[in-house]
Amino acid sequence: MARPIWRACRTSIRLAACSAALAVPAVAQRVTDNAATNAEDAFGTSIGNERVGLYSGSDVRGFSPATANNIRLEGLYIDRPAAFTDRLVQGNVVRVGLTAQNYLFPAPTGIVDYRIRPAGNDFVLSTMLGLNSWGGGRLELDAQLPVIKDRLSLVAGIAGFVDELAPGNQSFYGSYALAARWKPAPGVEVIPFWSRVDLYNREAAPLYTPAGAFLPPAVRRRFFPGPEWADQRNTVQHYGILTKARLTPEWQVAAGLFRSTSDSATNYAQNFTQMQPDGTAIRRITADPQQTLGGTSGEVRISRTFADGPRRHTLHAALRGRDRASRYGGGASVLYERGSVEAVLTSPRPEFVFGPQTSERVRQAIAGIAYDGRWQGVGGLSLGLQRTWYRKRVDRPGTPLARTDDEAWLPNITASADLTDRLAFYSSFTRGLEETGLAPDSAANRTEALPAILTSQVDAGLRWKAPRGINILAGLFDVRKPYFAADEANVFRELGNVRHRGMELSAAGPIAPRLTIVAGAVLMQPRVSGPAVALGRVGPRPIGQPSRLLTLAAQYAVAGIDGFALTLNATHRGPRAADTRNLVELPARTILDAGVRWRFDLGANPALLRVQLLNLTNAYDWALVGSGSYQVNAPRQLTMFLTVDF
């Protein structure tokens with residue numbers, strides 16, 4: 001497969017070069033993407049397919065904002081069942097700690113705020129060609145199309161991907177998006193959008209579940225043991241409209257209405273259970289009937305600002321809501337005789353007899369008011385109060401209709417003080433009602449929807465703007481939630497309470513004339529408590545949570561070569577409990593990536609070449625996917641991305 005992709009790549013490069021010779025100079029669009037130099041802190045910044053920082057949409061202080069439903073689009077509430085495509089969004093920023101101070105209605109596990117791709121008065125076509133040493137490739141096309149100067153412009157994108165993953169399974173993607181930015185009047189912007197991602201033939205990656213309290217023996221990476229018929233087919237769509245309007249200098253309105261769907265025509269899970277140290281196991285393959293998930297969500301917000309000399313006061317009132325319906329379950333499994341986990345399964349697909357499925361409906365309404373005050377040179381104070389009404393109905397086959405009705409007050413308060421021109425103090429408290437997602441594939445109740453939970457967070461810290469321009473933050477945090485993990489019967493359910501308490505450090509910016517860094521550290525004490533811990537059925541350490549996480553992204557601009565920079569990314573993760581009872585531990589691991597960036601002109605057009613060697617030392621590690629269940633990590637890989645703006 002690799003050879004045709006490389007041929008296509010050479011052809012695409014020649015076409016790009018020819019087009020560049022004929023094109024007029026363009027305003028750079030994607031060539032300027034650089035997560036490291038644009039990051040204001042080390043808490044998490046994503047631009048295009050680049051990401052730096054400690055946190056992501058799936059991991060903030062040891063929890064997942066995406067699972068908790070703490071996603072925003074252009075600052076507005078959206079219930080998103082699956083990820084956005086990069087054809088629609090330019091990137092995202094994790095709002096946590098000080099970065100959440102000016103953010104309306106913060107959440108305990110942080111908020112991930114996505115931005116739709118910008119558009120303006122210039123026609124720009126951005127192409128990205130990507131290749132890797134595993135034979136994978138991608139081609140991305142993103143266009144900015146002006147229609148009416150200063151009034152209407154379009155953003156359109158299409159991309160195709162061929163990927164091989166760490167376990168050796170392959171997948172094929174297609175993604176598409178279309179959005180408009182319409183300014184019907186001064187201070188008013190309307191953004192309708194649509195996007196779609198099609199996943200074809202993603203083979204079921206193997207999970208490895210040992211028979212006892214030990215790690216699996218090392219298995220070959222990039223080796224897929226079959227079967228080729230266990231393919232996933234999934235379609236994700238997001239569409240909607242949002243608007244922001246400044247009616248007067250004092251009054252602002254923002255509103256959004258969104259629809260998101262995720263439909264799986266076929267879905268499989270493959271688990272090598274009862275794995276022994278000799279590398280043998282019992283293979284279990286589970287197939288699911290068609291599963292669907294769709295949600296409508298939105299927000300309406302009105303704000304009033306009062307200016308009082310150096311003081312600025314803003315009052316906000318917001319209504320948020322969502323209506324999500326899903327159908328899941330009904331899967332059937334087949335077991336194969338014990339054998340080597342590296343034996344390739346070539347037998348034909350058996351006849352799976354599916355069972356009845358579970359239907360679920362979640363409705364939630366949130367009303368909130370907030371005050372935000374800023375006193376120039378002194379500090380700020382934000383107060384918020386939300387009232388949420390949560391309704392869940394679960395219709396499981398053979399059981400009565402399960403009902404969950406929750407109402408809760410969700411307060412938040414944040415404060416900051418400018419101690420000097422460069423030093424500021426901040427603190428906050430927030431409470432939330434959050435989703436807990438689905439039981440993992442390794443659990444006996446896999447794909448089962450879990451209940452919503454009440455969570456809380458307290459944090460405080462300092463920010464120092466150093467003379468060279470680097471931002472340094474140091475903070476303490478304490479996050480508390482109910483604890484979900486697999487019990488003795490491998491049923492994923494609530495087993496107690498968990499507290500993540502620790503310190504986070506961030507430094508981002510230039511530390512020398514040619515050197516920029518984004519460095520962060522989390523030193524944490526995650527602990528589980530409750531009767532199950534006292535009885536010894538659950539260990540005191542939550543699974544998968546390290547006591548330390550360190551990250552560094554560095555870029556050094558080489559003197560004498562305009563636009564050329566060396567890059568280094570390092571991530572260190574401390575030891576982690578690998579099972580609910582803490583009988584097995586994953587060792588600490590450090591992953592290094594090194595590469596180069598070269599910003600140059602291809603003909604009359606700006607271009608960017610990125611070459612990176614991922615997992616430089618070829619470190620072997622296990623990714624934890626459930627209590628006592630693992631997947632292999634990615635071995636060394638060379639990647640290349642060529643971006644050209646026309």
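Scroll up to find the structure this text is about.
Given the structure is predicted, the values throughout are model-derived calculations rather than measurements. For every chain, the first residue of the written sequence is number 1, and numbering continues from 1 onward in sequence order. A pLDDT threshold of at least 70 governs which residues receive local features in this predicted model, and a stricter bar of 80 or more applies before side-chain atom pairs are shown or counted, although totals over entire chains, interfaces and linings include all residues. Side-chain measures were taken over the full set of non-hydrogen atoms in the model, leaving aside hydrogen atoms and water.

Colleague: Talk me through the overall build of the protein; I want residue IDs and the actual numbers.
Modeller: What the protein contains, in helices and strands, is three helices and 36 strands. The globule rule is 2.2 Å times the number of residues to the power 0.38, and the radius of gyration it is compared with is taken over C-alpha atoms. Here the C-alpha radius of gyration of the protein, 25 Å, is about what a compact globule of 646 residues would show, namely 26 Å. With respect to the three principal axes, the spread of C-alpha positions in the protein is 75 × 60 × 45 Å. We call a residue buried when its accessible area falls under 20% of the maximum for its residue type, exposed when it is over 50%, and partly exposed in between, using a 1.4 Å probe and counting protein chains only. Every one of the 646 residues in the protein was classed for burial, and the buried ones make up 51%. The contact rule is simple, with two residues in contact once any of their heavy atoms fall within 4.5 Å. Long-range contacts, defined as pairs at least 24 residues apart, comprise 66% of the intrachain contacts of the protein with a sequence gap of at least 6. To be clear on the numbers: accessible area is Shrake-Rupley with a 1.4 Å probe, and residue cover counts the displayed protein chains and nothing else. Surface accessibility of the protein: about 27800 Å² in total, with carbon and sulfur atoms responsible for 58%. A run of H or I in DSSP becomes a helix once it reaches four residues, and a run of E becomes a strand once it reaches two; helices and strands are each numbered from the N terminus.

Colleague: Can you lay out the packing of aromatic side chains for me, pointing to particular residues and giving the numbers?
Modeller: Aromatic rings from Phe, Tyr and Trp, with only the six-membered ring used for Trp, were paired whenever their centres fell within 6.5 Å, and each pair was classed as stacked if the ring planes differed by under 30 degrees, edge-to-face if by over 60, and tilted otherwise. If you walk through the whole model with that rule in mind, you get 12 aromatic pairs. With centroids separated by 5.7 Å and ring planes inclined at 80°, the aromatic side chains of Tyr 620 and Trp 622 adopt a geometry described as edge-to-face. Tyr 620 gets classed as partly exposed once you look at its relative accessible area, which sits at 22%. Through pairs of rings, three or more aromatic residues link up here, namely Tyr 208, Phe 272, Tyr 620, Trp 622 and Tyr 630. The rule is short: NZ of Lys or CZ of Arg within 6 Å of the ring centre and within 35 degrees of the ring normal puts a charge over the ring. Over the face of the ring belonging to Phe 84 we find Arg 80, whose NZ or CZ atom lies 5.2 Å from the ring centre.

Colleague: Explain the sheet that holds strand 6 (residues 111-116) to me, and be specific about the residues and the numbers.
Modeller: Note: two strands are recorded as paired if DSSP finds a minimum of 2 bridges between them. Reading across the sheet, the six strands line up as 2-1-5-6-3-4 and stay open at both edges, with mixed pairing between neighbours. Lying at the two open borders of the sheet, with one neighbouring strand each, are strand 2 (50-52) and strand 4 (76-77). By the bridge criterion, six bridges tie strand 5 (residues 89-95) to strand 6 in an arrangement that is antiparallel. From the neighbouring strand, Arg 95 faces strand 6, where its bridge partner is Ile 111.

Colleague: I'd like a rundown of empty space enclosed by the protein, residues and numbers included.
Modeller: Method remark: on a 1 Å grid restricted to protein atoms, a set of points is classed as a cavity if a 1.4 Å probe fits but cannot get out and as a pocket if it is open with protein on both sides within 12 Å along at least five of seven lines; lining residues have an atom within 4 Å of a point. Grid points are joined across faces, edges and corners, and a volume is the space filled by probe spheres set on the points. Per the stated rule, a full pass over the model turns up seven cavities of 30 Å³ or more. Within this model, the second largest cavity holds a volume of roughly 220 Å³. Asn 70, Arg 72, Ile 366, Leu 410 and Leu 433 are the residues nearest the centre of the second largest cavity, which is lined by 22 residues in total. Secondary-structure elements contributing two or more residues to the lining of the second largest cavity are strand 17 (311-328), strand 20 (358-375), strand 21 (379-395) and strand 23 (423-434). Per element, the largest residue contribution to the lining of the second largest cavity is four residues, and it comes from strand 23. By the convention adopted, Pro, Cys, Tyr, Trp, Phe, Met, Ile, Leu, Val and Ala count as nonpolar, Lys, Arg, Asp and Glu as charged, and the other residues, Gly among them, as polar. For the lining of the second largest cavity, the per-class residue count stands at 11 nonpolar, five polar and six charged.

Colleague: Provide a residue-level description of the pattern of salt bridges, including the pertinent values.
Modeller: Every case where a carboxyl oxygen of Asp or Glu lies within 4 Å of a side-chain nitrogen of Lys or Arg is listed as a salt bridge. Under the counting rule described, the total for this entry stands at 36 salt bridges. Residue Arg 597 pairs with Glu 50 through a salt bridge whose shortest N-O separation is 2.8 Å. Of the two residues, Arg 597 is situated in strand 32 (residues 589-602) and Glu 50 in strand 2; the sequence distance between them amounts to 547 residues. As far as the burial class goes, Arg 597 and Glu 50 line up, both buried.

Colleague: Quick one: what's the story with a nonpolar patch on the surface, residue by residue and with numbers?
Modeller: Where nonpolar side chains cluster on the molecular surface, the patch consists of Leu 381, Leu 383, Ile 413, Phe 429 and Val 458 and spans about 370 Å² of accessible area. Along the chain, the position of Val 458 falls in strand 24 (residues 453-465). Owing to a relative accessible area of 44%, Val 458 belongs among the partly exposed residues under this scheme. In this scheme, patches are assembled from residues that exceed 30% relative accessible area and form no salt bridge. Like charges are connected within 9 Å, while nonpolar side chains (Val, Leu, Ile, Met, Phe, Trp, Tyr) are connected within 5 Å.

Colleague: Which residues make up the nonpolar core, and what values go with them?
Modeller: The set of buried Ala, Val, Leu, Ile, Met, Phe, Trp, Tyr and Cys residues whose side-chain atoms join them within 4.5 Å is what this entry labels a nonpolar core. One finds Tyr 55, Leu 73, Phe 84, Leu 88, Ile 116 and Tyr 483 to be the most contacted residues of the largest nonpolar core, which totals 41 residues. Here Phe 84 is in contact with Ile 71, Leu 73, Ile 78, Val 89, Tyr 114 and His 238, once residues within four sequence places are set aside. Of all hydrophobic cores here, the second largest spans 13 residues; its members include Ala 166, Phe 272, Met 275 and Ala 578.

Colleague: Talk me through unusual backbone geometry; I want residue IDs and the actual numbers.
Modeller: With an omega of -5°, the peptide bond between Gly 226 and Pro 227 qualifies as cis. You can see Pro 227 is positioned in the loop between strand 12 (206-210) and strand 13 (231-246). Of note in the backbone geometry, Arg 61 takes a positive phi value of approximately 55° without being a glycine. Relative to the helices and strands, Arg 61 resides in the loop between strand 2 and strand 3 (71-73).

Colleague: Can you break down the environment of Pro 108 residue by residue, with the values?
Modeller: Along the polypeptide, Pro 108 turns up in the loop between strand 5 and strand 6. On a C-alpha basis, the gap between Pro 108 and Val 479 in space is 6.8 Å, while along the polypeptide they are 371 residues apart. Excluding its chain neighbours within four sequence positions, the residues that come into contact with Pro 108 are Thr 430, Arg 431, Gly 432, Glu 434, Thr 455, Ser 456, Gln 457 and Val 479.

Colleague: Please provide a residue-by-residue account of the pairing of strand 17, values included.
Modeller: When strand 16 (residues 291-308) meets strand 17, the two strands line up antiparallel, connected through 17 bridges. Pairing of Arg 304 across the sheet is with Leu 315, part of strand 17. Sheet analysis places strand 17 next to strand 20, joined by 18 bridges and oriented antiparallel. Bridge pairing in strand 20 places Arg 327 opposite Ser 359.

Colleague: Explain the environment of Glu 337 to me, using residue names and the numbers behind them.
Modeller: Here Glu 337 is to be found in the loop between strand 18 (332-335) and strand 19 (339-340). The spacing of Glu 337 and Thr 280 is 57 residues in sequence and 9.9 Å in space, taken between C-alpha atoms.

Colleague: Report on the environment of Arg 196, specifying residues and quantitative values.
Modeller: Position of Arg 196 relative to the elements: it lies in strand 11 (residues 188-203). Among the polar contacts made by the side chain of Arg 196, one reaches the side chain of Asp 198 at a distance of 2.8 Å. As used in this structure description, the phrase polar contact means that two N or O atoms lie within 3.5 Å; if the pair is within protein, one of them must be able to donate a hydrogen and the other to accept it, and residues adjacent in sequence are counted only when both atoms belong to side chains.

Colleague: Describe the pairing of strand 26 (residues 492-512), and please don't skip the residues or the numbers.
Modeller: The sheet contact formed by strand 25 (residues 471-486) and strand 26 spans 16 bridges and is antiparallel. Its bridge partner lying in strand 26, Asp 478 is registered against Arg 501. Counting the residues between successive antiparallel strands, the hairpin from strand 25 to strand 26 contains five residues, one of them, Asn 490, with a positive phi of roughly 65°. Taken together, the 15 bridges between strand 26 and strand 27 (residues 515-529) define a ladder with antiparallel strand orientation. Note that in strand 27 the partner of Met 503 across the bridge is Leu 523. Counting the residues that bridge the hairpin from strand 26 to strand 27 gives two residues.

Colleague: I'd love a proper account of the side chain of Asp 198, names of residues and values included.
Modeller: Looking at where Asp 198 falls in the secondary structure, it is placed in strand 11. Filtering out sequence-adjacent residues up to four positions away, Asp 198 remains in contact with Phe 172, Tyr 173, Gly 174, Tyr 176, Arg 233, Asn 234 and Thr 235.

Interpretation note: all reported values are geometric properties and have no functional meaning in isolation.
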